[in-house]
Structures are given as C-alpha cells and as structure tokens.
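Remarks on the overall topology
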Amino acid sequence: MPGTVRCEWFKLFLEPSALRDDVVDPRLPKLPLGKKAVDLIVDFLTCLWDYARERITQEIGIVADLNAADVWLTVPAAWDAKGCQLMRDAAIQAGLVGAAFAGDREWRDRLHIITEPEAAAVHCAHLTNLHQLRPSQNFMICDAGGGTVDLAVYKIIGSLQNLEIAEVCARSGSNCGSLFLDLRFRELVRTLLADHPVHLEPASLAYFMHAFSETDKLAYLGESDDGNMFHFTCFNVEDPDDPAVGLINGELAIPGNLLRREVFDPVIEQVLNLIEGQTRRVDQRIDALLLVGGFSGSEYLFKRVDETLGSRIKVIARPSDADTATCRGAAQYGLARRPLVSSIIAPKSYIMRVKLPAEPEDWQRRPAYITENNAGVHICENRLQYLVSKGAILRKGQRIRTKFCKFSSTPQDRMFVAVLYTSDSDKLMRYTDEGETYELCKWTVDLATLPSFQQHANNPQPGGFYTDFELGLELDSAEVRGVLLYNGYECGRVTFDFLV
Ligand SMILES: Nc1ncnc2c1ncn2[C@@H]1O[C@H](COP(=O)(O)OP(=O)(O)OP(=O)(O)O)[C@@H](O)[C@H]1O
Ligand SMILES: [Mg+2]
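First, a word on scope: everything that follows refers to the structure included in this document. (Residues numbered from 1 in each chain as written. Chains lettered and ligands numbered in written order. Predicted model: local features only at pLDDT ≥ 70, side-chain atom pairs only at ≥ 80, totals over all residues. Heavy atoms only, no water.)

A count of helical and extended segments in the protein chain gives eleven helices and 21 strands. Its C-alpha atoms give the protein chain principal-axis dimensions of about 100 × 60 × 45 Å. Taking all 500 residues of the protein chain together, the buried fraction comes to 48%. Nonlocal contacts in the protein chain, meaning residues at least 24 apart in sequence, comprise 68% of its contacts between residues at least 6 apart. (Helix = DSSP H or I, 4+ residues; strand = E, 2+ residues; numbered from the N terminus. Buried < 20%, exposed > 50% of the residue type's maximum accessible area, 1.4 Å probe, protein only. Contact = heavy atoms within 4.5 Å.)

Within the largest apolar cluster, 52 residues are counted, with the highest numbers of intra-cluster contacts made by F185, I275, L289 and V305. Tallying contributions element by element places helix α7 (residues 256-282) first for this core, with eleven residues. Every residue in contact with F185, bar those within four places of it in the chain, is listed here: F208, M209, F212, F232, I254, L259 and V263. (Core = buried A, V, L, I, M, F, W, Y, C linked by side-chain atoms within 4.5 Å.)

Right, let's talk about the pattern of salt bridges for a bit. Think of it this way: side chains of opposite charge can pair up when their charged atoms draw near. Following the criterion strictly, the structure yields 27 salt bridges and no others. The partner of R110 in a salt bridge is D104, and the shortest N-O contact between them spans 3.0 Å. With relative accessibility at 12%, the residue R110 sits in the buried group. Each of the salt bridges in this network shares a partner with another, and the network as a whole consists of E359, E361, D362, R365, R383, R430 and E434. (Salt bridge = Lys/Arg side-chain N within 4 Å of Asp/Glu carboxyl O.)

The next thing to look at is α7. Between the first and last C-alpha of α7 there are 36 Å, a value that for 27 residues agrees with the 39 Å anticipated at 1.5 Å per step. By the largest-angle criterion, F264 marks the main kink of α7, which is about 45°, and a proline, P266, follows within four residues. Positive backbone phi, approximately 60°, marks D283, located one or two places after α7. (Expected span 1.5 Å × (residues − 1). Bend = angle between axes of the 7 residues up to and from the residue.)

Turning next to the site of ligand 1. K11, G147, T148, S178 and G294 are the nearest of the 13 residues found near ligand 1. G297 has a polar backbone atom sitting 3.4 Å from a nitrogen atom of ligand 1. For ligand 1, whose unbound accessible area comes to 650 Å², protein coverage reaches 69%. Looking at side-chain class alone, the shell around ligand 1 contains two nonpolar, nine polar and two charged residues. (Near = heavy atom within 4 Å. Polar contact = N/O pair within 3.5 Å; in protein donor to acceptor, adjacent residues only side chain to side chain. Areas by Shrake-Rupley, 256 points an atom, 1.4 Å probe, with all protein chains shown as cover. Nonpolar A, V, L, I, M, F, W, Y, C, P; charged D, E, K, R; others polar.)

A few words now on the sheet that holds strand β13 (residues 370-372). A sheet is described by the order of its strands in space; here five strands give the open sequence β13-β14-β12-β17-β18, paired in antiparallel fashion. Both outer strands of the open sheet, β13 and β18 (438-446), are each paired with one neighbouring strand and no more. For this sheet, the mean inter-axis angle between neighbouring strands, taken without regard to orientation, is 40°. Pairing analysis gives seven bridges linking strand β12 (residues 349-357) to strand β14 (residues 378-388), with the strands arranged antiparallel. Paired with P357 across the bridge in β14 is I379. (Pairing = 2+ DSSP bridges. Axes fitted to C-alpha atoms, helices over the stretch in contact; angles between N-to-C directions.)

Packing of α7 against helix α8 (residues 299-309) leaves a shortest axis separation of 10 Å and a crossing angle of 45°. In terms of their interaxial angle, α7 and α8 are classed as oblique. When you trace α7 past α8, the crossing you get is right-handed. Contact residues: R260, F264, D265, I268, E269, V271, L272, I275 and E276 in α7; Y300, L301, R304, V305, T308 and L309 in α8. Its residues assigned to classes, the contact of α7 with α8 shows nine nonpolar, one polar and five charged. (Parallel < 35°, antiparallel > 145°, perpendicular 65-115°, else oblique. Left-handed = near helix turned anticlockwise from the far one by under 90°.)

Right, dumping it as structure tokens:
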C-alpha cells in the first residue's frame, strides 16, 4: 500500500545479545526510521489483540469480558529478564490487559509471561507419559521456529500419577530458524542470476523467495530430492533464457542437491550443533528429545536429528500439533490449577560467608579460624552457610529463608553487609578454603528500617544488642532475587544475577 512500510522479524531485536551489544543479524531488515523494535511490537500486538478479541467473541458467541481475562504471552527461552520486561511493557502499552473495574489496581498482574519451551513442555507432557519416561529422567525440548531455535531441558520429578517437571536451568537459543532457509535461498538465486539483473529486482527476488518459502521448502525431503529439479517461475517476463544457469523459458530450475548444500545443510547443521552443544553443557543423560515449532515439520530436519542423535537419545519424537505446541501449552498452563512446570533445579550453590559460634569440629579442624569476641564467645570465622545447594529442586519463586543476626555495639552500627557467593561444586563445604566460591554480589542492608532495631536503638543498652532478621533468596527461570525480611515481611528487594 502506498505510504506504508513492510516490517518483519522485528521480534529478534529483543534477544539478549541484540539488547546488550546493540548488534543484530545484519541480514535482518532495518527498522523504519524513528521506530524502535518495541514500537513495532506494540503496533503488532495491538493488531493481534484486536483480531484475537474478535475471534474469541465469535468462537464463544457472547461478548466476553476480556478486560478481566488473564493473558499469557510467550517469549523465547534465551531471553533474559530485560527482554521479557520490554515485551511486557509493549504488551501493556498495546492494551492486552487493562483496568476492568474502578479501583482495579492489580490489572497489570493479569499479564503473564511464560517461556516458549516451558509452554511447549506442557503440551508435550502426554508424550513423556507415552514414552514411559520415569521420574528423574530428563527430556529436551527443541522449539524450531521461524526465527529462532530454542532448547531447554527438563527433569521429570514426582510420581507418574502426579507428573511434574522441573527446569534444568541451562538454556540456549540461536537464530537458525526456518527463515534462514529463505534468506539462504535468496542468496542462492542472487548468485545464480548474477548476470540477469532484471530478475534480481526486489519484487522479483521476493517472488522467488515466497514460492520457495510457501511451497518447495515445506515439502522438501532431503537426500531423496537430490536428483530432482525445483522450478521457480520468474516474476519478470524479460530475459527468459540462459540454460547455463538454469534459466529456461521464464523459469529458474535449481537441482535438489544444490538446494541441499547451499540452503538446507548449513542451517540444519547449525541446529544439530546447537543440540549437541546443549547436550554437552547439561552434562546429564538426555532420555528424550521432543521437537516442536513450525520448522520441526521439516522431514529433512527431523531425519537429520534422528540420524545424528538417535544412537544417544532413546526417544526422538514430535507431538501432534507440533507447530502450535507453544500456544496450546501456554493455554493449558494458564487454565491448570496446579502448574506443571513449577520447579527449577538450582544450577549452582548460593552461599554466605559467615561467622558462627565455634563447634568442636571447628576446634579440631580449623583452630586458627577461632577468635574470641567482646562478649567472650568463641567465634569461628570463614564458615559457609548454604542458602541453596546445587541440584536442589525449588518451587519457582519459592523463597529460601535464612536467619541472620547482627550484633550492634551502638545504634549507629546499623549496616549489615551480606556477600553472596556461588559455587559449582557438588560437595557441601564447611569452610571458605575448601573449594572455589565466586562472589555474586555484595548487598548492604540498612537494618534501621527494622522495628526491632529501632526499639533497641531507642533504649540503648551498654552491652550493645542483637537484631534478628531473615534474608530470602528466590530463583526462577530468568533470574535470582534477594529480599530482606522481617517477621515474614519484605523490607527490601534486589535483583542481582541473571542466569543466562
Ligand atoms: N515443513 C517445513 N519445513 C521448513 N520450515 C517450515 C515447515 N513448516 C513450517 N515451517 C516454517 O516454520 C516457521 C513457523 O514456525 P513457528 O510458528 O514455530 O515459528 P515462530 O514461533 O513464529 O518463530 P520463532 O519461534 O522464531 O519466533 C515458518 O518460518 C515456516 O516457514
Ligand atoms: Mg516460536
């Protein structure tokens, strides 16, 4: 249409590396002048939501109160908290949720974000039953879509009757979706027809690419197509013949083996490498690989995955409705009273370095660490206190609470410095010198906000005083959060680590 600009594939601008380093795949179309990716996403979601409302209203035959509905939005596995937040802001701006009645203050909470593999895993749950996967076995979801291929690994926990899965934290994604076949196909046409510029005009190239993407690509079988010719009608009627490059009577003919080598193999190899890399990184046996997303409909992709990984992974399968698995799973998840993917496996240990009253074991093993404090109590330095140990299965968002106590000699002595460390070691360490720990963050807590501190500070005692409080740690797919608690109430919050 005159006066309009075509915008495609702008979602890929929100992935972590694009946001962090400001580099996007150079093959992606430029954003229109003055527009940010988020602006386009707002426009897109606005239109999508209009359409969805219309369809939902038609389907259920009444004007539903969609303002009060919960809305679930899926995001790729590899997105970090920043990408999710941008998507969330865009969705709110696009009006996916809004105040449903006067005084409705919590309306933003009706917008839920779920990662795509998590949603797909929900849809695949029946498959894990079907293939008789047992508790403690792992399965990988490979969501091969248009732009990205995303991987995530889950562990089956709990009993079969009460199937539940936990996310094994490692996640990865890469821009090697089906769209990259189209882009490689366009490059191939450009190369073949380099001497025939009339067929390389934008409309002409788009016509070739469209034919490939909508027909030939979808039916492509792989090696068995090597001997076949694929024919593409030219958009322009001029310059119809050059048999040397396959241009015959206004049609471009491309041999199957050339398509395989130049278009399919490079992208499919990227997908295979991604899966192999993830298998190694997870460092656990993968019992099943479940392929979802539109690209998983490719016979050739499925065959190559099966050939390459079949000897190591017992079950390689595609669920029915693989192309809409994410959408179906997200809806199921939203409707379920008890979420299926409610747990997460801690990827590392989270530890505090603390001083604790000396125990006999400390006198025996580390006498040098023991000192006597002002009050005459023997204290062992360099002790470790685990908040979460590696491999622990946690509820998503579950708060791991740890009690702390600070001694203040005067009311001015109100700062507590908590240094949180992580460790990749599987063994539980008692002392700081027993293995590597990595400083994760230094969190300075001002205890003056706590009522018990205020009470003591208002009636100073000569011998000083103790303040009890709790620190809570929360893990979910994208991040780790820390909170300061007092009698179960939250007094402070910080986000300090992104797991991706
Ligand atoms: N048989 C097939 N072979 C190759 N590609 C296919 C096949 N069937 C569908 N596709 C491609 O799958 C893509 C759509 O898949 P899907 O709906 O999973 O993508 P998406 O979720 O929109 O993309 P992304 O996950 O990257 O955001 C389209 O690019 C389509 O061309
Ligand atoms: Mg997708």
